[in-house]
Amino acid sequence: MDTTTPVSFDVHAMRRARVVEALRELGGGVAVLLTAPTRTRNRDSEYPYRYDSAFWWLTGFGEPESAIVIVVTPDRAYTTLFCQEKDVERELWEGARLGVEAAAATLGVDLALPIDMLDEELPKVLAYAPALFIPFGSESALEAQAQQWIASVRSLHRHATPPAVIRDLSPILDELRLVKDAHELSIMRAAGSISADAHRRAMRATRAGRFEYEIEAELLYEFRRRGAQAPAYTPIVAAGVAACTLHYVANNAVLRDGDLLLVDAGCELDGYASDITRTWPINGRYTAAQRALYELVLAAQTAAIACIAPGRRYDEAHRAAVRTLTQGLLDLGVLKGSLDDLIESKAYGRFYMHGTGHWLGLDVHDVGDYRVPGSGPGRDGERPSRPLVPGMTMTVEPGLYVRAADDVPERFHDIGIRIEDDVVVTATGCELLTRGVPVEPGEIERLVRD
Ligand code: GLY
Ligand code: MN
Ligand code: MN
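These figures come from a predicted structure and were not determined experimentally.

Colleague: Pulling in residues and values, what's your account of the coordination of the manganese ion (ligand 3)?
Modeller: The coordination sphere of the manganese ion (ligand 3), as far as protein atoms go, consists of D264 (OD), D264 (OD), D275 (OD) and E420 (OE), spread over 2.0 to 2.4 Å. Relative to the metal, the six donor atoms surrounding the manganese ion (ligand 3) lie at angles of 57 to 169°, and the coordination shape comes out irregular. Each donor residue of the manganese ion (ligand 3) belongs to the same chain, with the gaps between them written as D-x10-D-x144-E. Exposure remark for D275: the relative accessible area of 4% places this residue in the buried category.

Right, here's the structure in full:
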């Protein structure tokens, strides 16, 4: 799909209406959101352009040099999109632009203006606004720019009163983005399915003597062949002990007979990330030790997934995974002691040092509070973990990373395993988006040997 063409205008108008409602509840004002800048890679080469996620969520418009301004007064609300003007010469080099004339009707906004007019227009709309909402802490110079707009308000008219406060727009948008609508879920299902097929392809392409980058190439080929615009994050293709390095991305080592291959890779489709990890034997057969650890990680994932349902709290999945992994490590003689003490002291953390998942959406580690927003701290000093509601999407990704050590049975040395799937909370439980690629060890072995 072409990222510069909105899939449907209505979904974006609906989202903007929800932002208007949220701003109105806060007393109204003006919200400003810029899309992402283009970024230089080296000299005059740029990284592939990627719009700002929240801007995309509100507009479906993928061109750089764009901004959206939502004005909410007690009796009305309107949206202005600022974008690049048509320019025959530049478009000859850089590709077609939507242009200001077509933008309002195409994107369903009230008004479209050239991006060069942003600094001129903002003081006018801010003149009697109670508040200015911008995302805080973004890397752009927006906060300084906002101060300039406010300073310019008084020069417009001596009675003009600039907003008394600048407020953070991000928590408002993040909260809305956390629960996905039907349009988003249909894209996320498609992204999950492409990524699952890419993992199947990577399994079939695996054999000793090939290099990690050859497997990475199979993944990227399947992503792009199926219309996904990019990988959602740098793929991890880690053979043998490299799997114990959580963010290994060198992907340049040879695959050795007898080792495992851990692959963490997912595509981005129309802005939405998928995020899958599978770990398979390079020669098509898990050793007994590899299989014992694999089955333990799978049991932890199954236990975690069983905790994902409306009303269950976000952290229940992690607790279930930790309990299963710790009991398993005890049974295998990797840990010694009592289950509750080992959990309490986080002794498992030597072998399992990351969380069991994260929100997933337009960003691979998507926005949204993991705790109840605005609540007071509980007995542990933390705000309570958030109850799940249908439409929340997240990963479930337990793992075990066992490096060589004198106090660990040798057969488990240098094994890293993770199993990661994407799920959406449904009315009754959850739906797995990425099981187009198997997790059962026997099925995986068959695919690798195919
Ligand atoms: N691939 C990034 C993650 O699993 O969180
Ligand atoms: Mn993940
Ligand atoms: Mn991942």
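Colleague: Can you lay out the coordination of the manganese ion (ligand 2) for me, pointing to particular residues and giving the numbers?
Modeller: Every protein donor of the manganese ion (ligand 2) is listed here as D275 (OD), H358 (NE2), E397 (OE) and E420 (OE), and their distances to the metal cover 2.0 to 2.2 Å. With six donor atoms in place around the manganese ion (ligand 2) and angles of 51 to 155° between them, the coordination shape is irregular. We note that the donor set of the manganese ion (ligand 2) lies within a single chain, spaced as D-x82-H-x38-E-x22-E.

Colleague: An account of the sheet that holds strand 19 (residues 430–432) is needed here, citing residue identities and associated values.
Modeller: Paired through their backbone hydrogen bonds, the strands of a sheet run either parallel or antiparallel. Read across the open sheet, the three strands follow the order 15-18-19; overall the sheet is antiparallel. Every interior strand has two partners, whereas the edge strands, strand 15 (393–396) and strand 19, have only one. Ignoring which end each strand starts from, the neighbouring axes of this sheet average 35° apart. Sheet analysis places strand 18 (residues 421–425) next to strand 19, joined by three bridges and oriented antiparallel. Within the sheet, the bridge partner assigned to V424 lies in strand 19 and is E431.

Colleague: Explain the site of ligand 1 to me, using residue names and the numbers behind them.
Modeller: The immediate surroundings of ligand 1 are formed by Y233, D264, D275, H358, H365, E397 and E420. Here an oxygen atom of ligand 1 sits 3.0 Å away from a polar atom, N or O, in the side chain of H358. The contact in question runs from an oxygen atom of ligand 1 to an N or O atom on the side chain of E420, over 3.2 Å. A total of 200 Å² of accessible area belongs to ligand 1 in isolation, and the protein chains cover 84% of it. When its residues are assigned to classes, the shell around ligand 1 shows one nonpolar, two polar and four charged.

Criteria and cut-off values
- Residues numbered from 1 in each chain as written.
- Chains lettered and ligands numbered in written order.
- Predicted model: local features only at pLDDT ≥ 70, side-chain atom pairs only at ≥ 80, totals over all residues.
- Heavy atoms only, no water.
- Donors = N, O, S within 2.8 Å, 3.2 Å for Na, K, Ca; no water.
- Tetrahedral: all angles 85-135°; square planar, octahedral: opposite > 155°, others 65-115°.
- Buried < 20%, exposed > 50% of the residue type's maximum accessible area, 1.4 Å probe, protein only.
- Pairing = 2+ DSSP bridges.
- Helix = DSSP H or I, 4+ residues; strand = E, 2+ residues; numbered from the N terminus.
- Axes fitted to C-alpha atoms, helices over the stretch in contact; angles between N-to-C directions.
- Near = heavy atom within 4 Å.
- Polar contact = N/O pair within 3.5 Å; in protein donor to acceptor, adjacent residues only side chain to side chain.
- Areas by Shrake-Rupley, 256 points an atom, 1.4 Å probe, with all protein chains shown as cover.
- Nonpolar A, V, L, I, M, F, W, Y, C, P; charged D, E, K, R; others polar.

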